[in-house]
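# Coordinate analysis (summary)
Next come the chains, spelled out residue by residue.
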Amino acid sequence: QVQLVQSGGGLVQSGGSLRLSCAASGFTLDDYTIGWFRQAPGKEREGVSCISSYDDSTDYADSVKGRFTISRDNAKNTVYLQMNSLKPEDTAVYYCAADGLRDFCSFYVYEYDDWGQGTQVTVSS
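Summarised in this report is the structure supplied together with it.

Definitions and cut-offs
Each chain carries its own residue numbering, running from 1 in the written order of its sequence. Two thresholds apply to this predicted model, a pLDDT of at least 70 for residue-level local features and 80 or more for giving and counting side-chain atom pairs, whereas whole-chain, interface and lining totals are computed over all residues. In computing side-chain properties, one takes all heavy atoms of the structure into account and sets aside hydrogens as well as water. The rule for a salt bridge is simple: a side-chain nitrogen of Lys or Arg has to be within 4 Å of a carboxyl oxygen of Asp or Glu. Helix numbering and strand numbering both begin at the N terminus, where a helix is a DSSP run of H or I of at least 4 residues and a strand a DSSP run of E of at least 2. The cut-offs for exposure are 20% and 50% of the maximum accessible area for each residue type, with area from a 1.4 Å probe on protein chains only; residues under the lower value are buried, those over the upper are exposed, and the others partly exposed. Only buried residues count toward a nonpolar core. Its members are Ala, Val, Leu, Ile, Met, Phe, Trp, Tyr and Cys residues joined through side-chain atoms within 4.5 Å. In what follows, a contact means two residues having at least one pair of non-hydrogen atoms within 4.5 Å.

## Considering the pattern of salt bridges
What the rule picks out here adds up to 6 salt bridges. The salt bridge involving Asp90 is made with Arg67; its shortest N-O contact spans 2.7 Å. Residue Asp90 is found in the loop between β8 (78-83) and β9 (92-99), and its partner Arg67 is found in the loop between β6 (58-60) and β7 (68-73); the two are separated by 23 residues along the sequence. Both residues of the pair, Asp90 and Arg67, belong to the buried class. Residues Asp99 and Arg102 are paired through a salt bridge, measuring 3.5 Å at the closest nitrogen-oxygen approach. With a relative accessible area of 1%, Asp99 lands in the buried category. When salt bridges that share partners are traced, they join Arg38, Glu46, Arg67 and Asp90 into one network.

See the structure below:
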């Protein structure tokens, strides 16, 4: 079956860096558009970044642009989210998700079919 397993969350100080991993099994990750989402307590889930299955083009939420970078390592069947210059407002549970139908990025939660288990990212001030 299709599975996404996340790792790399944790506690970091403001201004620090963290890298999240999303490892796929049961499918070839390169054939899927992959999104990163986050959800803070009491808040709705929001899109953070995305990488296209068609051409590996990427998109970022305005709040993280210039600080976060999404990438694929096809040999490891893994997608990463490199997070730099972290801020307390980045604190949330982060999820990766896969879309096997659409070729380009979107930040609509309902368009994604498979989800990782989520990992906590906490940024202290």
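Now that the structure has been shown, we can carry on.
## Concerning the nonpolar core
In terms of nonpolar packing, the biggest core is built from 28 residues, with Trp36, Phe68, Leu81, Met83 and Tyr94 touching the most fellow members. Secondary structure elements with two or more residues in this core: β3 (18-25), β4 (33-39), β5 (46-51), β7, β8, β9 and β11 (119-124). Residues in contact with Met83, not counting those within four places in the same chain, are Gly16, Ser17, Leu18, Leu20, Arg67, Phe68, Tyr94 and Val121.

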